[in-house]
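Commentary on secondary and tertiary structure
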Amino acid sequence: KAGVTQTPRYLIKTRGQQVTLSCSPISGHRSVSWYQQTPGQGLQFLFEYFSETQRNKGNFPGRFSGRQFSNSRSEMNVSTLELGDSALYLCASSLGPAYSPLHFGNGTRLTVT
Amino acid sequence: GDSVTQMEGPVTLSEEAFLTINCTYTATGYPSLFWYVQYPGEGLQLLLKATKADDKGSNKGFEATYRKETTSFHLEKGSVQVSDSAVYFCALNYNFNKFYFGSGTKLNVKP
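Residues numbered from 1 in each chain as written. Chains lettered and ligands numbered in written order. Predicted model: local features only at pLDDT ≥ 70, side-chain atom pairs only at ≥ 80, totals over all residues. Heavy atoms only, no water.

**Here we look at the nonpolar core**
What tends to happen in soluble globular proteins is that the nonpolar side chains get buried as a cluster. The biggest cluster of nonpolar side chains holds 26 residues, and the ones touching the most others in it are Leu19(B), Trp35(B), Leu47(B), Leu48(B), Phe73(B), Leu75(B) and Tyr88(B). Those elements that provide at least two residues to this core are strand 2 (11-14), strand 3 (19-21), strand 4 (23-26), strand 5 (32-38), strand 6 (44-50), strand 8 (62-65), strand 10 (86-95) and strand 12 (105-110) of chain B. Per-element accounting of this core gives the leading share, 4 residues, to strand 10 of chain B. Apart from the residues within four sequence positions on either side, Tyr88(B) is in contact with Gln6(B), Ile21(B), Trp35(B), Tyr36(B), Val37(B), Leu47(B), Phe62(B), Leu75(B), Gly104(B), Thr105(B) and Leu107(B). Counting residues in each nonpolar core, the second largest holds 21 residues, with Val19(A), Ile26(A), Met76(A) and Ala87(A) among its members. (Core = buried A, V, L, I, M, F, W, Y, C linked by side-chain atoms within 4.5 Å. Buried < 20%, exposed > 50% of the residue type's maximum accessible area, 1.4 Å probe, protein only. Helix = DSSP H or I, 4+ residues; strand = E, 2+ residues; numbered from the N terminus. Contact = heavy atoms within 4.5 Å.)

**Re the state of the cysteines**
All names here are of chain A. By the definition in use, this model includes 2 disulfides over all chains. Paired through a disulfide, cysteine 23 and cysteine 91 show a sulfur-sulfur distance of 1.8 Å. Negative torsions about the S-S bond denote left-handed disulfides, and the value of about -60° found for cysteine 23 with cysteine 91 makes this one left-handed. Of the two residues, cysteine 23 is situated in strand 3 (residues 19-24) and cysteine 91 in strand 9 (residues 87-94); the sequence distance between them amounts to 68 residues. On the accessibility criterion, cysteine 23 (0% relative accessible area) is buried. (Disulfide = S-S within 2.5 Å.)

**Side note on the interface of chain A and chain B**
Between chain A and chain B, the residue contacts involve 23 residues of the former and 19 residues of the latter. Of the roughly 1700 Å² buried at the junction of chain A and chain B (both faces included), carbon and sulfur atoms supply 55%. Where chain A touches chain B, the interface holds 0 salt bridges. Counting every contact that joins chain A to chain B gives 4 residue pairs in polar contact (both at pLDDT 80 or more). Of all the elements, strand 4 (residues 31-38) of chain A adds the most residues to the side of chain A that touches chain B, at 4 residues. For the side of chain A that touches chain B, a count of residues per class yields 11 nonpolar, 9 polar and 3 charged. (Buried area = accessible area lost by both parts, 1.4 Å probe. Salt bridge = Lys/Arg side-chain N within 4 Å of Asp/Glu carboxyl O. Polar contact = N/O pair within 3.5 Å; in protein donor to acceptor, adjacent residues only side chain to side chain. Nonpolar A, V, L, I, M, F, W, Y, C, P; charged D, E, K, R; others polar.)

Structure follows, in C-alpha coordinates:
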(Lines give C-alpha, C1' and ligand atoms only; values in the text may rest on other atoms or scores of the structure.)
Protein backbone atom coordinates (compact mmCIF):
# COMPACT_ATOMS: atom_id res chain seq x y z
CA LYS A 1 0.00 0.00 0.00
CA ALA A 2 1.46 3.34 -1.03
CA GLY A 3 2.14 5.82 1.75
CA VAL A 4 1.33 9.51 1.96
CA THR A 5 2.93 11.35 -0.93
CA GLN A 6 3.83 15.01 -0.77
CA THR A 7 5.02 17.11 -3.67
CA PRO A 8 7.29 18.83 -4.22
CA ARG A 9 9.95 17.77 -1.72
CA TYR A 10 11.73 21.12 -1.80
CA LEU A 11 10.66 24.64 -2.69
CA ILE A 12 12.46 27.95 -2.70
CA LYS A 13 10.34 31.08 -2.91
CA THR A 14 10.85 34.77 -2.31
CA ARG A 15 8.93 36.98 0.08
CA GLY A 16 5.55 38.05 -1.19
CA GLN A 17 5.06 35.09 -3.49
CA GLN A 18 2.51 32.39 -2.97
CA VAL A 19 2.98 28.64 -2.94
CA THR A 20 0.83 25.52 -3.27
CA LEU A 21 1.77 22.21 -1.70
CA SER A 22 0.15 18.93 -2.61
CA CYS A 23 -0.63 15.80 -0.62
CA SER A 24 -1.97 12.43 -1.73
CA PRO A 25 -3.22 10.36 1.21
CA ILE A 26 -3.12 6.62 1.68
CA SER A 27 -5.83 4.95 -0.34
CA GLY A 28 -9.03 4.75 1.69
CA HIS A 29 -8.07 7.52 4.09
CA ARG A 30 -10.58 10.35 4.11
CA SER A 31 -8.89 12.67 6.57
CA VAL A 32 -5.93 14.84 5.68
CA SER A 33 -4.15 17.08 8.16
CA TRP A 34 -1.38 19.60 7.69
CA TYR A 35 1.35 20.49 10.17
CA GLN A 36 4.16 23.00 10.16
CA GLN A 37 7.44 21.84 11.68
CA THR A 38 10.13 24.33 12.69
CA PRO A 39 13.08 24.02 15.08
CA GLY A 40 11.70 26.74 17.33
CA GLN A 41 7.98 25.91 17.43
CA GLY A 42 8.05 22.18 16.80
CA LEU A 43 5.01 20.62 15.16
CA GLN A 44 2.04 22.92 14.91
CA PHE A 45 -1.39 21.99 13.60
CA LEU A 46 -2.59 23.94 10.57
CA PHE A 47 -5.90 22.34 9.59
CA GLU A 48 -7.68 19.09 8.94
CA TYR A 49 -10.05 18.07 6.17
CA PHE A 50 -12.48 15.21 6.06
CA SER A 51 -14.61 14.45 3.03
CA GLU A 52 -13.80 17.84 1.50
CA THR A 53 -14.83 19.77 4.64
CA GLN A 54 -12.50 21.56 7.00
CA ARG A 55 -13.22 20.10 10.43
CA ASN A 56 -10.58 21.85 12.47
CA LYS A 57 -8.18 24.75 12.16
CA GLY A 58 -5.09 25.81 14.07
CA ASN A 59 -3.94 29.27 15.04
CA PHE A 60 -2.41 30.40 11.79
CA PRO A 61 -3.20 33.57 9.82
CA GLY A 62 -5.60 33.55 6.92
CA ARG A 63 -2.66 33.48 4.48
CA PHE A 64 -2.63 29.74 5.14
CA SER A 65 -5.47 27.91 3.45
CA GLY A 66 -6.24 24.48 2.18
CA ARG A 67 -8.73 22.35 0.41
CA GLN A 68 -9.54 18.72 -0.17
CA PHE A 69 -10.79 17.18 -3.36
CA SER A 70 -13.34 14.42 -3.85
CA ASN A 71 -10.54 11.84 -4.21
CA SER A 72 -9.22 12.94 -0.77
CA ARG A 73 -6.12 14.58 -2.21
CA SER A 74 -5.36 17.87 -0.52
CA GLU A 75 -3.58 21.08 -1.30
CA MET A 76 -2.27 23.75 1.01
CA ASN A 77 -1.70 27.30 -0.13
CA VAL A 78 0.32 30.03 1.51
CA SER A 79 -0.04 33.53 0.11
CA THR A 80 2.17 36.58 0.59
CA LEU A 81 5.05 34.49 1.89
CA GLU A 82 7.12 35.72 4.83
CA LEU A 83 10.59 34.67 5.92
CA GLY A 84 9.04 33.05 8.97
CA ASP A 85 7.06 30.66 6.78
CA SER A 86 10.25 28.73 6.07
CA ALA A 87 9.56 25.30 7.50
CA LEU A 88 8.94 21.64 6.82
CA TYR A 89 5.26 21.20 5.98
CA LEU A 90 3.94 17.77 6.82
CA CYS A 91 0.79 16.18 5.56
CA ALA A 92 -0.80 13.30 7.40
CA SER A 93 -3.72 11.10 6.52
CA SER A 94 -5.94 8.87 8.61
CA LEU A 95 -9.15 6.91 8.35
CA GLY A 96 -10.99 9.78 9.94
CA PRO A 97 -12.63 8.87 13.24
CA ALA A 98 -11.28 10.46 16.39
CA TYR A 99 -8.20 8.75 17.82
CA SER A 100 -7.20 7.37 14.41
CA PRO A 101 -3.42 7.37 14.13
CA LEU A 102 -1.86 9.73 11.66
CA HIS A 103 0.28 8.50 8.78
CA PHE A 104 2.75 11.17 7.73
CA GLY A 105 4.38 11.98 4.43
CA ASN A 106 8.04 12.96 4.24
CA GLY A 107 7.13 16.62 3.98
CA THR A 108 7.80 19.59 1.74
CA ARG A 109 10.74 21.77 2.75
CA LEU A 110 9.83 25.39 2.02
CA THR A 111 12.54 28.04 2.09
CA VAL A 112 11.52 31.68 1.79
CA THR A 113 14.27 34.13 0.86
CA GLY B 1 -5.30 24.72 27.05
CA ASP B 2 -4.08 21.40 25.79
CA SER B 3 -0.37 20.79 25.61
CA VAL B 4 2.35 18.19 25.79
CA THR B 5 5.68 18.58 27.55
CA GLN B 6 8.64 16.33 26.85
CA MET B 7 12.04 16.11 28.41
CA GLU B 8 14.71 18.12 26.67
CA GLY B 9 17.23 16.31 24.53
CA PRO B 10 19.44 15.14 23.18
CA VAL B 11 19.60 11.94 25.14
CA THR B 12 22.78 9.96 24.52
CA LEU B 13 22.95 6.31 25.55
CA SER B 14 25.17 3.35 24.93
CA GLU B 15 23.76 0.34 23.12
CA GLU B 16 21.75 -1.98 25.43
CA ALA B 17 21.11 0.80 27.96
CA PHE B 18 17.66 1.42 29.45
CA LEU B 19 15.69 4.30 27.95
CA THR B 20 13.11 6.57 29.51
CA ILE B 21 11.74 9.65 27.79
CA ASN B 22 9.37 11.61 29.98
CA CYS B 23 6.12 13.03 28.66
CA THR B 24 3.41 14.85 30.58
CA TYR B 25 0.27 16.42 29.23
CA THR B 26 -2.42 18.94 29.99
CA ALA B 27 -5.85 18.27 28.54
CA THR B 28 -9.35 19.54 29.13
CA GLY B 29 -10.91 16.25 28.08
CA TYR B 30 -9.97 12.60 27.90
CA PRO B 31 -7.41 12.30 25.14
CA SER B 32 -5.73 9.43 23.41
CA LEU B 33 -1.96 9.49 23.73
CA PHE B 34 0.64 8.62 21.13
CA TRP B 35 4.35 8.31 20.58
CA TYR B 36 5.65 9.08 17.11
CA VAL B 37 9.21 8.58 15.90
CA GLN B 38 11.08 10.44 13.17
CA TYR B 39 14.15 8.68 11.78
CA PRO B 40 16.74 10.82 9.98
CA GLY B 41 15.47 11.94 6.59
CA GLU B 42 12.05 10.36 7.07
CA GLY B 43 8.55 11.42 8.04
CA LEU B 44 6.97 10.74 11.40
CA GLN B 45 5.80 7.21 12.08
CA LEU B 46 3.42 6.00 14.73
CA LEU B 47 5.33 4.06 17.36
CA LEU B 48 2.58 3.24 19.84
CA LYS B 49 -0.67 4.55 21.29
CA ALA B 50 -3.01 4.27 24.26
CA THR B 51 -6.62 5.34 24.13
CA LYS B 52 -7.66 5.35 27.79
CA ALA B 53 -6.28 5.50 31.30
CA ASP B 54 -4.13 2.53 32.39
CA ASP B 55 -3.76 1.29 28.82
CA LYS B 56 -0.26 0.22 27.84
CA GLY B 57 0.91 0.77 24.29
CA SER B 58 3.81 -1.29 23.01
CA ASN B 59 5.75 -1.79 19.79
CA LYS B 60 9.29 -2.78 18.78
CA GLY B 61 10.27 -3.23 22.44
CA PHE B 62 9.03 0.24 23.41
CA GLU B 63 6.30 0.66 26.01
CA ALA B 64 4.29 3.52 27.48
CA THR B 65 1.46 3.48 30.03
CA TYR B 66 -1.32 6.06 30.12
CA ARG B 67 -1.26 7.41 33.68
CA LYS B 68 -4.23 9.67 34.26
CA GLU B 69 -3.37 10.36 37.89
CA THR B 70 0.03 11.78 36.96
CA THR B 71 -1.00 12.95 33.45
CA SER B 72 1.99 11.15 32.03
CA PHE B 73 2.87 8.83 29.17
CA HIS B 74 6.56 8.06 29.57
CA LEU B 75 8.30 6.06 26.86
CA GLU B 76 10.55 3.17 27.94
CA LYS B 77 12.70 0.53 26.32
CA GLY B 78 14.75 -2.02 28.17
CA SER B 79 17.68 -2.24 25.75
CA VAL B 80 18.22 0.35 23.04
CA GLN B 81 19.97 -0.28 19.75
CA VAL B 82 21.88 2.04 17.44
CA SER B 83 18.95 1.78 15.02
CA ASP B 84 16.70 3.43 17.64
CA SER B 85 18.52 6.74 17.12
CA ALA B 86 15.78 9.16 16.10
CA VAL B 87 13.60 11.98 17.36
CA TYR B 88 10.66 10.89 19.50
CA PHE B 89 7.46 12.92 19.79
CA CYS B 90 4.75 12.53 22.38
CA ALA B 91 1.28 13.63 21.26
CA LEU B 92 -2.31 13.81 22.41
CA ASN B 93 -5.54 13.88 20.46
CA TYR B 94 -9.23 13.97 21.26
CA ASN B 95 -10.71 16.46 18.88
CA PHE B 96 -11.07 14.89 15.46
CA ASN B 97 -7.54 14.86 14.10
CA LYS B 98 -6.10 17.88 15.83
CA PHE B 99 -3.00 16.52 17.49
CA TYR B 100 -0.88 18.37 20.02
CA PHE B 101 2.76 17.38 19.81
CA GLY B 102 5.57 17.79 22.26
CA SER B 103 8.79 19.44 21.13
CA GLY B 104 10.51 16.15 20.43
CA THR B 105 13.41 14.39 22.13
CA LYS B 106 16.42 13.39 20.10
CA LEU B 107 17.93 10.05 21.04
CA ASN B 108 21.50 9.16 20.10
CA VAL B 109 22.55 5.58 20.72
CA LYS B 110 26.29 4.86 20.53
CA PRO B 111 27.68 1.39 19.76
